[in-house]
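# Fold and contact review
Listed below, chain by chain, are the residues.
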Amino acid sequence: MPTPRPAWQRWLLAAAFLAGGAGGLVALLQIVGLWLETHWQLGPAPWDQLLLDWCRDHYHLRLHRWAADFSALGSTTVLTLLVASVVVALLLGGRRHLAAWVLITSLGASLLVTGVKDMVERPRPPAPQRLDPFVGDSFSFPSGHSLGAVAIYAYLGLLLARLAPTRAAARFVLASSLALPIVIGLTRIYLRVHYPTDVLAGWLAGLAWVGLAALAARFVEPAGRSDSATSLLACER
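In short, a report on the structure. Computed from a predicted structure; not experimentally measured.

Calculation rules
Numbering of residues begins from 1 in every chain and follows the order in which that chain's sequence is written. Local features in this predicted model are restricted to residues whose pLDDT is 70 or higher, and side-chain atom pairs enter the listing and the counts only when it is 80 or higher, whereas totals over whole chains, interfaces and linings include all residues. Side-chain figures throughout are based on the complete set of non-hydrogen atoms in the structure, without hydrogens or water. Helical segments are the DSSP runs of H or I of at least four residues, strand segments are the runs of E of at least two, and each set is numbered from the N terminus. Working definition: with a 1.4 Å probe on protein chains only, accessible area under 20% of the residue-type maximum means buried, over 50% means exposed, and in between means partly exposed. Any two residues whose heavy atoms approach within 4.5 Å at even a single point are treated as in contact. The accessible surface values rely on the Shrake-Rupley method and a 1.4 Å probe; as for residues, cover is taken only from the protein chains in view. Residues enter a nonpolar core if they are buried and are Ala, Val, Leu, Ile, Met, Phe, Trp, Tyr or Cys, with the set joined through side-chain atoms within 4.5 Å. Pairing of aromatic rings covers Phe, Tyr and Trp, the last through its six-membered ring, and needs centres within 6.5 Å; plane angles under 30 degrees mean stacked, over 60 mean edge-to-face, and all others mean tilted.

Moving on, we get to the overall build of the protein. On a plain count of helices and strands, the protein comes out with eight helices and zero strands. Helices and strands in the protein line up, N terminus first, as α-α-α-α-α-α-α-α. When each of the 237 residues of the protein is scored for burial, the buried share is 44%. Within the protein, contacts between residues at least 6 apart in sequence are counted, and of these 78% link residues at least 24 apart. With an accessible surface of roughly 12500 Å², the protein has 70% of that area assigned to carbon and sulfur atoms.

Structure follows, in structure tokens:
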């Protein structure tokens, strides 16, 4: 039986894997940003404007309120409080390995959003069109709400699925953890604070980051443990 690698080597491998994956994600998002700049000077693509116009033409006060409520679930404040609560709970339960990866996944997603936004520098839809007065003038691509919501809710969904008593319950948890970020992203379009391409890029990048974090966790998983997100659904119910 091969001797397990020392912990520092496993963490080094995980860090290298995450760094390489993050670099690839940033490069892909920059390519998309360059494509947007080349064809539409970072403004709306035809389908972007079409969907924003549809949202404008189908405005309803009740939908506006619902969109604002669901959108808040992807805000920095809500996601930070959620991650902090989960990390503290895991630490109190002696699950330091899981707590570390929840923190790494959330911080990595935040850095990814900030870095790409500053590199691409795509403006948001014009201020008179927006229904969220507090969005400010931060850059638009990719949608931070969409990327952060996928990265955090989906990763936590993978962790919670392990606690489900049946496979059906686990699938429900996973479906819910993916449905919520989809709704959050759609609200960003309805509120006209992001172009649809911003939201789509956020969803896809968030999913890719969750996959990278889940795989990287396998490098540092203690021998005989199945805490990593990729192993949560492997156990028979």
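The rest of the description comes next.
Attention now moves to the nonpolar core. The nonpolar side chains of a soluble globular protein tend to be buried with one another. By size, the foremost hydrophobic cluster in this structure holds 60 residues, and its most contacted members are Trp 101, Val 102, Val 116, Phe 141, Tyr 155 and Trp 209. Of all the elements in the fold, those that place two or more residues in this core are helix H1 (7-40), helix H2 (46-57), helix H4 (76-92), helix H5 (96-120), helix H6 (144-161), helix H7 (167-190) and helix H8 (196-220). In contact with Val 116, other than residues within four places in its own chain, are Val 26, Leu 29, Glu 121, Phe 141 and Pro 142.

Each aromatic ring pair is specified by the distance between its two centres and by the angle formed by the two planes. Applying the stated criterion across every chain, the model contains three aromatic pairs. Their ring planes at 90° and their centres at 5.2 Å tell us that Trp 35 and Trp 40 sit as a pair that is edge-to-face. Residue Trp 40 is classed as partly exposed on the basis of its relative accessible area, which comes to 22%. Measuring from centroid to centroid gives 5.4 Å for Trp 40 and Trp 47, while their planes differ by 80°, and the two rings are edge-to-face. An aromatic cluster of three or more residues is present, and its members are Trp 35, Trp 40 and Trp 47.

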